Amino acid sequence: MFNHIFVGTNDIDAARKFYDATMGVLGFGGHPLPHGTVYPSESGSFIVAKPANGEAATCMNGFTLGFKASSYDQVDAWHAAGLANGGSDAGEPGFRANSPGNMYGAYLRDPDGHKICVFTANVGPKA
């Protein structure tokens, strides 16, 4: 569905530290750009960079960017990596009753305040 998703940053180094850690947990390596970092996949790219218009990056109220995880453990590791690398908690790992199928997920705010999450399918109780 998407070719790429671009979120702005005001601090390339802080964003790169945070996303290298969280995207790395999901299996995606970053490639530096002069104005940010790109995290490519087979189906598209996620880019974190300075806005092209030169103005400050801002967050959008009501916007959440969701990534896929392959297991409960990967969700937990992603959340921990984000907290350890400049992110803030926006919803600890757990089952989400309001998600389709009561999925297991977690939420973070990146260093610029963007709300991001990761979810995996509910395959039964967490051991």
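Calculation rules
- Residues numbered from 1 in each chain as written.
- Predicted model: local features only at pLDDT ≥ 70, side-chain atom pairs only at ≥ 80, totals over all residues.
- Heavy atoms only, no water.
- UniProt positions renumbered as here; feature names shortened; annotations may be inferred.
- Helix = DSSP H or I, 4+ residues; strand = E, 2+ residues; numbered from the N terminus.
- Core = buried A, V, L, I, M, F, W, Y, C linked by side-chain atoms within 4.5 Å.
- Buried < 20%, exposed > 50% of the residue type's maximum accessible area, 1.4 Å probe, protein only.
- Contact = heavy atoms within 4.5 Å.
- Salt bridge = Lys/Arg side-chain N within 4 Å of Asp/Glu carboxyl O.
- Polar contact = N/O pair within 3.5 Å; in protein donor to acceptor, adjacent residues only side chain to side chain.

The protein chain goes by VOC family protein in an unreviewed UniProt entry, where it is assigned to Alteraurantiacibacter palmitatis.

Peer 1: Now, about the UniProt feature "domain: VOC" (unreviewed entry) in the protein chain: what can you tell me, with residues and values included?
Peer 2: Feature annotation in UniProt places "domain: VOC" (unreviewed entry) on residues 1–121, given in this structure's numbering. Helix and strand shares over residues 1–121 are 22% and 36% respectively, and the end C-alpha atoms of the span are 20 Å apart.

Peer 1: With reference to specific residues and values, describe the nonpolar core.
Peer 2: Counting 20 residues, the largest nonpolar core has Y19 and F46 as the members making the most contacts within it. Contributing elements (two or more residues each) for this core: α1 (12–25), β4 (44–49), β5 (65–68), α2 (72–84), β7 (104–109) and β8 (115–120). Setting aside residues up to four positions removed in sequence, Y19 forms contacts with V7, G24, Y39, F46, V48, D110 and I116.

Peer 1: I'd like a description of the pattern of salt bridges, backed by residues and values.
Peer 2: Across all of its chains, the model carries one salt bridge by this definition. The residue K126 makes a salt bridge to D76 at a minimum N-O spacing of 2.6 Å. On the criterion of sequence distance, the pair formed by K126 in the segment after β8 and D76 in helix α2 is long-range, its members being 50 residues apart.

Peer 1: How would you sum up the environment of S41? Please name residues and give values.
Peer 2: Mapping S41 onto the fold places it in strand β3 (residues 36–41). The spacing of S41 and T58 is 17 residues in sequence and 25 Å in space, taken between C-alpha atoms. A distance of 3.2 Å separates a polar side-chain atom of S41 from the backbone nitrogen of S43.

Peer 1: Any details on unusual backbone geometry? Residues and values, ideally.
Peer 2: A positive phi is found at N102, a non-glycine position, where the angle reads about 55°. Position of N102 among the secondary structure elements: in the loop between β6 (88–95) and β7. Judged by relative accessible area, N102 falls into the partly exposed class, the value being 31%.

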